[in-house]
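Here's the letter readout for the chains.
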Amino acid sequence: MHGRGREQAVLHGLLADAGQRGSALILRGPAGIGKSTLVDDARATALESGFRVLTCAGVQRESSSGMAGLQQLLHVVVDRADRLPERQRAALRSVFGLGPGTSPDPLMLSVAVLGLLEDLAQEQPLLLIVEDLQWMDQPTVNLVGFVGRRVRETAIVMLVTCRTEGADQVTDPGLPELPVGRLTDGDAADLLAELNPGLRREVRDRVLDEAEGNPLALVELSRGLIERGLHDTAGLATRLPLSARLENVFADQVARLPLPAQDLLLLAAAGNEATLTELGKAARMIGIDAPEQRLREAEAAELVRPAGDRLTFRHPLIRSAIYGAASFPRRIAAHRALAEVFAGDPERSAWHRSAGTVGRDEFVAKDLESAADLARTRGALGGAMRYLERAAELSPSPQQVARRLARAADAARQGGLPDAALRLVAAARKVADPLVVAELTATESYLALYVGSSGPDVDQLIDTARRVTAADRDLAATLYLFAGIRLRMESPGSATAGRVLDALRELGFAEGDVRTTMVNAFLAPAEHADRLLTEVRTLAGDLSGLPAPWTSGLATSAEALYDYVLAGACWTVTVEGYRRAGALADLVSVRLQQARNLLVRGLLADAALAADEGRRHGEDLGLSVLVANAGLIAAHLAAWRGETAPVEPVPAARADLRFHLDWARGLAALSAGRYADALGDLLRATAHPDLGPLAVADLAEAAYLAGDTGPAVAVVAAVEQRMRPFRSGLLRMLIERARGLLAGDDDRAGEHFRAALDVPGAAAEFPLQVARTRLVHGEWLRRKRRPAASRDELAAAAAAFDLAGAHPWAARAKAELRAAGIVVDQSAQRSGAALLTAQELQIARLAAEGRTNKEIADQLFMSHRTVGAHLYRIFPKLGITSRAALPEALAELA
């Protein structure tokens, strides 16, 4: 293999190491540079070593339907899906049309594919070859990245080829890369001498110059000279980009075949998924006699070769050369013939019929829309998007154009393709009527929440809702809800809130309607706090009968009214609702909101578990804003535990995330003894009108310890005044503790601390906030020379901090105890739960409940073998050897 020894050694090394660890690698380089040759060599080596080899290849969009690459990769092993957990099995079988349609979430499908491949790799090492990634649809690219990042602990090697230049823009799947560059001048000359030793020097030099070190160019340019009997440079193509020159060479080779053989090759290029039998049927439809003979002619020209029941091109550039060189009428005829052959497959038939359509055609557009529905049902959301976009191109009516583009945008959003969704929304807006504009506005609002796109502003939401009120009152209410959410997140206290509330009242919903309650709680919680809290509690009385978006809204409403315990119950139901539905993007969002709720309530281990799950799935789905939120939660947890965590920048428009950033930084500085820094961060945090009260006690503590209580006194007084309408035990405890700290050594401080500790239910509902109050109360008692009373408070605080893993706070309480004359163990007791990672703790809890590995895998969106691997690591950490011992071991951790 001329000049490819280093690359060859790398691939052979990956195969040799497969028994110890799996790997994934992208070979990236220009067309013809030798990527496929390297992969073919690896394939041969793998087969000799006992590997199973599965392959697939991307093709240009004119001849491809959605998820074709996945189907090609797994079609020979999909019968093994019966071993998978139930929901994963249903997702994978749905993509292949082998079971009832389930519209699987892309992440669930990715987990199913990983689980199937892990099962196969248990039997024998597995080599996965994915060629021409640049031509695969985006969901398949995402799936390749998902699997490739998770094969390290398996006997799987994945090799992916991708052009540095090429057709469709794809997202980087995030895998290691091996650049495949041009041959050195010496290696190129050696290869050419081997291919055509009789070339004259000036011809050889011209071929070397034209080929630019590209092996395929050396082969094909010299082949062209030999076939034409040329011995000088006049027969070489005019200087063009190398891929175009190669396509010209291939097109010239095809043109020397009889016309019927050329037409057969055009059918193969247009219908890449067609079997040899189907190609024969299509060939006869366009008047090709004896297609078997025409196939032999193409084989003799070394352009194609049979592979099982299908035809493969010697190089992908041959396919594109054939299709690109064919006249428009010949392409149309080929696609129409293929549409007839695929009549029993509505998706492929509709796609080829659309490719064979000139001008606009509503009948074909309707067929494509039906194909999109089928694709959506089997989870091919990228395919559904493409069908709908093509249907819009064929639609005679502007209204149908807009409607189909809007549906395509929604399919793209659900399929994890935010850039495509925004592009389609923009296209649809140019021709949309008010109702479709409203649907597009809702899609944009979802994207803004999850990936940080700008989305419609509040004025646009209000105006759009007004335009559709007469036609669709429920859609108008949805837009007002988005306006309320946006104001609460970005502009709390804005005067615009009144416009939203007035507009919502004009819709005429009955008092107590869940949408009216939610928007009022978001935007004007203090005005009718008692009534709103009663309405929320009434609506939450039977959460089992409510859809997940409503239970989510009730959770947010309860938090707006500072009832974090009620909100916690609503988040639990919401999380399980979205988990059962497999709605991963929504699950990530509410899982992080649940984590934030648990953090406020001081349940650090549970908060870490929820945030970790949200972060993992958010990264897989590319939900950048939600991943940033997960990072803020991790930073806040780290501040409690005395650790450090990197924090990603937050969107400038999100006032709520800026609050959480300042609060996390302030708490970290406070726990580290940097009181002046903490004061600055917490002054910014408490400026938030809705969320600021949660940080008011931290502010007071930083101010007292920094010796600068003036600014904090004013803030606490303002917060106390603003919070009077709310019946919240949490607020009362925080404000009383803040007032006690700012009272200094005055006797009134003790009254405030005792009032904070007397809040009913606080010890069970907010254990760490109670511990913080006991800590500062104990410190105050010691300063007042009441050591016995101080010891009780400080000991209780230290025990609570130790149990939660809040190490810096435990250390501070123990230092005070020693100052009060108590001998304390110097070593920080590690929380039992901290022995396990958040993911391990979640798996251990589910296993302790009696769930099987497959049931856990379905719930947590991971392969069942990954669950088994985690349990293998969990048992020795807990000092046990079986699942039966898990309940007792976890009980001891608590």
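Residues numbered from 1 in each chain as written. Predicted model: local features only at pLDDT ≥ 70, side-chain atom pairs only at ≥ 80, totals over all residues. Heavy atoms only, no water.

**Quick notes on the overall build of the protein chain**
When you go through the protein chain residue by residue, the secondary structure sums to 45 helices and seven strands. Summarising its shape, the C-alpha atoms of the protein chain cover approximately 105 × 65 × 55 Å along the three principal directions. Scored against the burial criterion, the 894 residues of the protein chain give a buried share of 56%. Counted over contacts in the protein chain with a minimum sequence separation of 6, partners at least 24 positions apart contribute 69%. Total accessible area computed for the protein chain in this model is approximately 35,600 Å², and 52% of it derives from carbon and sulfur atoms. Mean positive and mean negative side-chain charge positions of the protein chain (103 and 112 charges, respectively) differ by 1 Å. (Helix = DSSP H or I, 4+ residues; strand = E, 2+ residues; numbered from the N terminus. Buried < 20%, exposed > 50% of the residue type's maximum accessible area, 1.4 Å probe, protein only. Contact = heavy atoms within 4.5 Å. Areas by Shrake-Rupley, 256 points an atom, 1.4 Å probe, with all protein chains shown as cover. Lys, Arg positive; Asp, Glu negative; His and termini not counted. Charge placed at Lys NZ, Arg CZ, Asp CG, Glu CD.)

**A word on unusual backbone geometry**
Most peptide bonds take the trans form, and the phi angle of most residues other than glycine is negative. A positive phi angle, close to 55°, is found at Asp-132, a residue other than glycine. The residue Asp-132 is located in the loop between strand E3 (126-131) and helix H6 (138-148) in this model.

**A closer look at the pairing of strand E1 (residues 23-29)**
For E1, the buried fraction is high: six of the seven residues fall into the buried class. Summarising the sheet, E1 and strand E4 (residues 156-163) pair through seven bridges and their orientation is parallel. Across the sheet, Ala-24 pairs through a bridge with Met-158, a residue of E4. For E1 and strand E5 (residues 177-179), the ladder comprises three bridges, and the chain directions are parallel. By the bridge assignment for E5, Leu-27 is matched with Leu-178. (Pairing = 2+ DSSP bridges.)

**So, the state of the cysteines**
Tallied over the full model, the rule gives zero disulfides. Unpaired in this structure, Cys-162 has its nearest cysteine sulfur neighbour in Cys-56, at a distance of 13 Å. (Disulfide = S-S within 2.5 Å.)

**Overview of empty space enclosed by the protein**
According to the stated counting rule, one finds five cavities of 30 Å³ or more in the structure shown. Within this model, the largest cavity holds a volume of roughly 80 Å³. Around the largest cavity, the lining is made up of 14 residues, and of these Cys-56, Leu-73, Val-130, Leu-143 and Val-144 lie nearest the centre. Where the lining of the largest cavity is concerned, the elements lending two or more residues are helix H3 (68-74), helix H5 (106-123), E3 and H6. With four residues, H6 is the largest single contributor of residues to the lining of the largest cavity. The residue makeup of the lining of the largest cavity, split by class, is 12 nonpolar, two polar and no charged. (1 Å grid on protein atoms, 1.4 Å probe; cavity = no way out; pocket = protein on both sides within 12 Å on 5 of 7 lines; lining within 4 Å. Points joined across faces, edges and corners; volume = space filled by probe spheres on them. Nonpolar A, V, L, I, M, F, W, Y, C, P; charged D, E, K, R; others polar.)

**Re the sheet that holds strand E2 (residues 52-57)**
The five strands lie next to each other as E2-E3-E4-E1-E5, forming an open sheet whose pairing is parallel. The open sheet terminates on both sides in strands that have one partner only, identified here as E2 and E5. Recorded for the sheet is a direction-independent mean angle of 20° between the axes of neighbouring strands. Those strands touched by H6 are E1, E3 and E4, and its axis lies near 145° from that of E4. (Axes fitted to C-alpha atoms, helices over the stretch in contact; angles between N-to-C directions.)

**Concerning the nonpolar core**
In this structure, Leu-74, Leu-92, Leu-117 and Phe-801 are the most contacted members of the largest nonpolar core, which totals 207 residues. Every residue in contact with Phe-801, bar those within four places of it in the chain, is listed here: Trp-640, Leu-768, Ala-771, Arg-772, Leu-775, Ala-806, Trp-809, Ala-810 and Ala-813. With 48 residues, the next largest nonpolar core counts Ala-188, Ala-217, Ala-269 and Ala-282 among its residues. (Core = buried A, V, L, I, M, F, W, Y, C linked by side-chain atoms within 4.5 Å.)

**A look at the environment of Arg-791**
Examined against the element boundaries, Arg-791 turns out to sit in helix H40 (residues 787-804). The sequence separation of Arg-791 and Leu-599 amounts to 192 residues, and the corresponding C-alpha distance is 27 Å. With sequence-adjacent residues up to four places away left out, Arg-791 is seen in contact with Leu-817, Ala-820 and Ile-822.

**Observations concerning H5**
Here H5 contains 18 residues, and its C-alpha end-to-end distance of 27 Å stays within 8% of the 26 Å for a straight helix at 1.5 Å per residue. Burial analysis of H5 places 15 of its 18 residues in the buried class, which makes it a mostly covered element. (Expected span 1.5 Å × (residues − 1).)

**Comments concerning the packing of helix H21 (residues 434-451) against helix H22 (residues 458-468)**
Orientation of H21 relative to H22, taken along the N-to-C sense of each, is 145°, at an axis distance of 9 Å. Handedness of the H21/H22 crossing: left-handed. Between H21 and H22, the contacting residues are Pro-434, Leu-435, Val-437, Ala-438, Thr-441 and Ser-445 on the first element and Leu-461, Thr-464, Arg-467 and Val-468 on the second. Taken together, the residues that form the contact of H21 with H22 break down as six nonpolar, three polar and one charged. (Left-handed = near helix turned anticlockwise from the far one by under 90°.)

**A look at the packing of aromatic side chains**
Under the definition given, this model contains seven aromatic pairs. Ring centres 5.1 Å apart and planes at 80° place the aromatic pair Tyr-446 and Phe-482 in the edge-to-face group. Here Tyr-446 is found in helix H21, whereas its partner Phe-482 is found in helix H23 (residues 473-490), with 36 residues between them in sequence. When its relative accessible area of 9% is taken as the criterion, Phe-482 is described as buried. An aromatic cluster is present here, built from Tyr-446, Tyr-450 and Phe-482 joined pairwise through their rings. (Phe/Tyr/Trp six-rings, centres within 6.5 Å; stacked < 30°, edge-to-face > 60°.)

**Digging into helix H29 (residues 584-600)**
Spacing of three or four residues puts side chains on the same side of an α-helix, whose turn is 3.6 residues. For H29, built from 17 residues, the straight-helix expectation of 24 Å at 1.5 Å per residue is met to within 8% by its first-to-last C-alpha distance of 24 Å. In terms of residue burial, H29 counts as a mostly covered element, since 15 of its 17 residues are buried. Looking at the residues trailing H29, positive phi occurs at Gly-602, about 85°.

**Points about the packing of helix H19 (residues 398-414) against helix H20 (residues 418-429)**
Two numbers describe how H19 lies on H20: the axes approach to 8 Å, and their chain directions differ by 165°. The angle between H19 and H20 falls in the class roughly antiparallel. Two packed elements cross with a definite hand, and for H19 against H20 that hand is left-handed. Judged by residue contacts, Ala-402, Leu-405, Ala-406, Ala-408, Ala-409, Ala-412 and Arg-413 of H19 engage Ala-420, Ala-421, Leu-424, Val-425, Ala-427 and Ala-428 from H20. Tallied by class, the residues present in the contact of H19 with H20 amount to 12 nonpolar, no polar and one charged. (Parallel < 35°, antiparallel > 145°, perpendicular 65-115°, else oblique.)

**Re the pattern of salt bridges**
A complete count under the given rule lists 67 salt bridges for this structure. Its salt-bridge partner being Asp-474, residue Arg-515 comes within 2.8 Å of it at the nearest N-O pair. In this pair, Arg-515 is assigned in helix H25 (residues 514-523) and Asp-474 in helix H23, connecting sequence segments 41 residues apart. Taking the shortest distance from any N to any O, the salt bridge between Arg-654 and Asp-656 comes out at 2.9 Å. With respect to class, Arg-654 is no different from Asp-656; both count as buried. Through salt bridges with shared partners, a single ionic network connects Glu-362, Glu-369, Asp-373, Arg-403, Arg-404 and Arg-407. (Salt bridge = Lys/Arg side-chain N within 4 Å of Asp/Glu carboxyl O.)

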